[in-house]
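# Architecture and fold: a report
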Amino acid sequence: MCRRMNSARWSDGADPEDVRDVLREYYRAVKATIERFGGVVEKFIGDAVMAVFGSPVARGDDAERAVRAALAIPRIIEQLNASSPHPDLEIHMAVNTGEAVVTIDPGSPDGDLLVAGDVVNTASRLQGAAPPGRVLIGEETFRATRRVIRSEPVPAVAAKGKREPIPAWVAIEALVPLAVRPAQMPFVGRDGESGLVRDIWSRAVAERRPHLVTILGEAGIGKTRLAEEFSFDVKETGGQAFHVRELPYEQSSGYETFVQLVHEVAGIFESDPNPVAMAKLEASLDHLGLADPALVQLLSVFARTPEVVADDRRSLFDAARRYVEALSSTPGTLIVFEDVHWAHPSTLDLITSLAGRARDAPIVFLALARPELLDLRPAWGGGLSSSTTMRLEPLPAASAHWLAAGLVGEEPEIAQRIELAASGNPLFIEEMAAWMLERDGTDDELPTTVRAMIAARLDALPREERDVVFDASVVGKVFWAGPLASLRPDQGDLDEILGSLERRDLIRMERASAVEGDRARRERHEAVARYVEEAAPDTAAVAAILAYHWREAGDPERAVTYLLVAAERAEQAWAYPEAVALYEDALGLIPRDDDRRRSIGLRRTVAGIRHEHTVMEEEQLKRLAADGSA
Ligand SMILES: Nc1ncnc2c1ncn2[C@@H]1O[C@H](COP(=O)(O)OP(=O)(O)O)[C@@H](O)[C@H]1O
Ligand SMILES: [Mg+2]
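What you see is a predicted model, and the numbers here were worked out from it, not measured in a lab. (Residues numbered from 1 in each chain as written. Chains lettered and ligands numbered in written order. Predicted model: local features only at pLDDT ≥ 70, side-chain atom pairs only at ≥ 80, totals over all residues. Heavy atoms only, no water.)

### Here's the deal with a negative patch on the surface
Together, E164, E464, D495 and E496 make up a region of like negative charge exposed at the surface. Here E464 lies in helix α17 (residues 463–475). You can call E464 partly exposed: its relative accessible area is 42%. (Patch = residues over 30% accessible without salt bridge, like charges linked within 9 Å, V, L, I, M, F, W, Y side chains within 5 Å. Areas by Shrake-Rupley, 256 points an atom, 1.4 Å probe, with all protein chains shown as cover. Salt bridge = Lys/Arg side-chain N within 4 Å of Asp/Glu carboxyl O. Lys, Arg positive; Asp, Glu negative; His and termini not counted. Charge placed at Lys NZ, Arg CZ, Asp CG, Glu CD. Helix = DSSP H or I, 4+ residues; strand = E, 2+ residues; numbered from the N terminus. Buried < 20%, exposed > 50% of the residue type's maximum accessible area, 1.4 Å probe, protein only.)

### Thoughts on the sheet that holds strand β12 (residues 363–369)
Judged by pairing direction, the sheet is parallel, and its 5 strands sit side by side in the order β10-β11-β12-β9-β13 without closing on themselves. Every interior strand has two partners, whereas the edge strands, β10 (240–245) and β13 (387–391), have only one. Sheet twist, expressed as the average angle between the axes of neighbouring strands with direction ignored, equals 15°. Of the strand pairs in this sheet, strand β9 (residues 211–216) and β12 are connected by 6 bridges, and their pairing is parallel. Directly across from L216, in β12, lies its bridge partner A369. Lying over the sheet, helix α5 (residues 191–207) contacts β9, β11 (333–338), β12 and β13, oriented at roughly 170° with respect to β13. (Pairing = 2+ DSSP bridges. Axes fitted to C-alpha atoms, helices over the stretch in contact; angles between N-to-C directions. Contact = heavy atoms within 4.5 Å.)

### Observations concerning the confidence of the model for the chain
Across the chain, the average pLDDT comes to 80, with 78% of residues at 70 or higher. This model gives residues 1–14 a pLDDT under 50, and the stretch forms 90 contacts once residues within four places in sequence are excluded. Here residues 511–516 is modelled with pLDDT under 50, and outside its nearest four sequence neighbours on either side it reaches 14 contacts, counting other chains as well. (pLDDT = per-residue confidence, 0-100.)

### Topic: the packing of helix α7 (residues 256–266) against helix α8 (residues 274–287)
Two elements in contact, α7 and α8, have axes whose closest approach is 9 Å; the angle formed by their N-to-C orientations is 80°. Here α8 runs roughly perpendicular to α7, going by the angle between their axes. Only K280, L281 and S284 of α8 make contact with α7, whose side of the interface consists of V262, V265 and A266. Split into classes, the residues belonging to the contact of α7 with α8 amount to 4 nonpolar, 1 polar and 1 charged. (Parallel < 35°, antiparallel > 145°, perpendicular 65-115°, else oblique. Nonpolar A, V, L, I, M, F, W, Y, C, P; charged D, E, K, R; others polar.)

### A closer look at unusual backbone geometry
The omega torsion of the bond from T330 to P331 falls at 0°, within 30 degrees of zero and hence cis. If you trace the backbone, P331 turns up in the loop between α10 (313–327) and β11. One non-glycine residue with positive phi stands out, namely Y255, at about 60°. Structurally, Y255 can be placed in the loop between β10 and α7.

### A closer look at the site of ligand 1
Taken together, 18 residues sit near ligand 1, with V188, G220, K223, T224 and R225 positioned nearest. The contact in question runs from a nitrogen atom of ligand 1 to an N or O atom on the backbone of V188, over 2.8 Å. Measuring from an oxygen atom of ligand 1, one finds a backbone N or O atom of G222 at 3.0 Å. Here ligand 1, which alone exposes 550 Å², has 86% of that area covered by the protein. Secondary-structure elements contributing two or more residues to the shell around ligand 1 are α6 (223–236) and α15 (426–438). (Near = heavy atom within 4 Å. Polar contact = N/O pair within 3.5 Å; in protein donor to acceptor, adjacent residues only side chain to side chain.)

### Quick look at the pairing of β12
Within β12, 7 of the 7 residues are buried, leaving the element largely enclosed by the surrounding structure. Side chains of β12 alternate between two faces, with I363, F365, A367 and A369 and V364, L366 and L368 buried alike. Pairing of β11 with β12 involves 5 bridges; the strand directions are parallel. Note on β12: the bridge partner recorded for F337 is A367.

This is the structure in structure tokens:
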């Protein structure tokens, strides 16, 4: 429900009465420009236009596309002004980035988006302060676009209802065309691995035999990049590629990534009321040739619009299998599951089951995970006839050198030292190059390991900033400015120092709330929880999220209520391990002498037993099937 988005807003300074026709044309032209850059016009308010980028689908470069759209608009206005006898239109624009609550306007036949949250208010303030014909951007937008768009700082914008003025920049021009990504170095040195994946793909496609490919590797070694490059190839040849991603959430009602897949294919937003989501699911299944009502009902579990409880997990997994078989199309379908080491047990079971049982379908499941996955599931991929697991090793020296050289410029010696110190991990190479650039290349001592590099980056800080980092590390991995201030009697410029540390990527600030302290943070969680309660068409579908916010808001009672709802949902979906975890979280929040402990404890135990039974029964069936066919 919370999505990363950018909003742009502008208005003209002329009298709307005089220029109604021009305005209509202006709306049309502005809307077309926004859509060309991948945005969605949320609404026209009077003479203002509000657009959203990154919802429903976030693309990683949403901020950039929003700023590009805004930069393209003055030219349109110029043309309109030149061709109209009316007084000239004047336009003020702003782009701001952050989390917002996005819902679909229930009263609108076209499913208009409704966007709310601080990010929108801030956009509106910035827009109000923008000079005519210019684009003001907020801090997060600036950070996200600074490598590709030149912007200049302007004085912070004072705003009603905000203690601090809003930092602002004026966007000047794009530095490179949209397609060019200087932020990313060309893909190097994975010929062997790419070749292997390509061969598996060709066979899976030719024989219409599904295959599970698992790529294991430490953080930053290049798993995501390899998958991105491969999906690109797949799409080039007319195939389809889907990317779904596990998130490191503790709680889940089950099948996170599969739900993402079904939602994406059907165009379902989390904010869709159940009947709308259900209608979209039905349309999508119809399109895939899966109109059978029993199947639709089973698959509704994965759209989070469950209408029935499945009789057993097998029929649920069977429905999922038929779904991916129907989804696969010539010349082939790739489904990338990212960060599988964070997956909950039911998702791991589901992926294994799909890969093992899908038939006559040109489909490759690509699972990316850190090696911890094998601690979680030592036998991952083991029982499958079509499964390949490979480890992504460090980049070969030549490629690492080439990457480092590309990042630090013509300094062969420095490039070589980076290459040695990063031991072939491309993320570390990027980090070290950043460290070099931060020091303007005037450095003589290059750290020899990553740990040393981080220490060195800290050492290179001005004394005051370094002290703050050490104080903060005392407070903890997550820290608040309040306790930090109490450790520093003369804390005058703490905010400024924190800002500077954040600019160097050494700390990450949660704007406003976290810095204002515990109470403000709790209030913010409460506000989010209340908003979600009000905006969500079906609170049961987002119960795990609500439980989290209420717990953070310091209201365990409400958190427990939602945890129990989430647990029930998980049980309905045969995601028993998740249900057990949710019941345990609930027990953790209930006082020792509370009567409810027994019944919740009982439900937890029953869920645990049911899970064991499910697994045992499935094993038995598998054995029977094997005996039968032997
Ligand atoms: N073979 C490669 N060539 C160039 N850059 C790479 C390569 N592999 C990874 N990178 C870059 O290194 C960084 C980390 O890679 P990523 O794929 O996100 O790692 P992982 O998913 O394993 O954590 C990214 O910026 C990525 O673009
Ligand atoms: Mg990754």
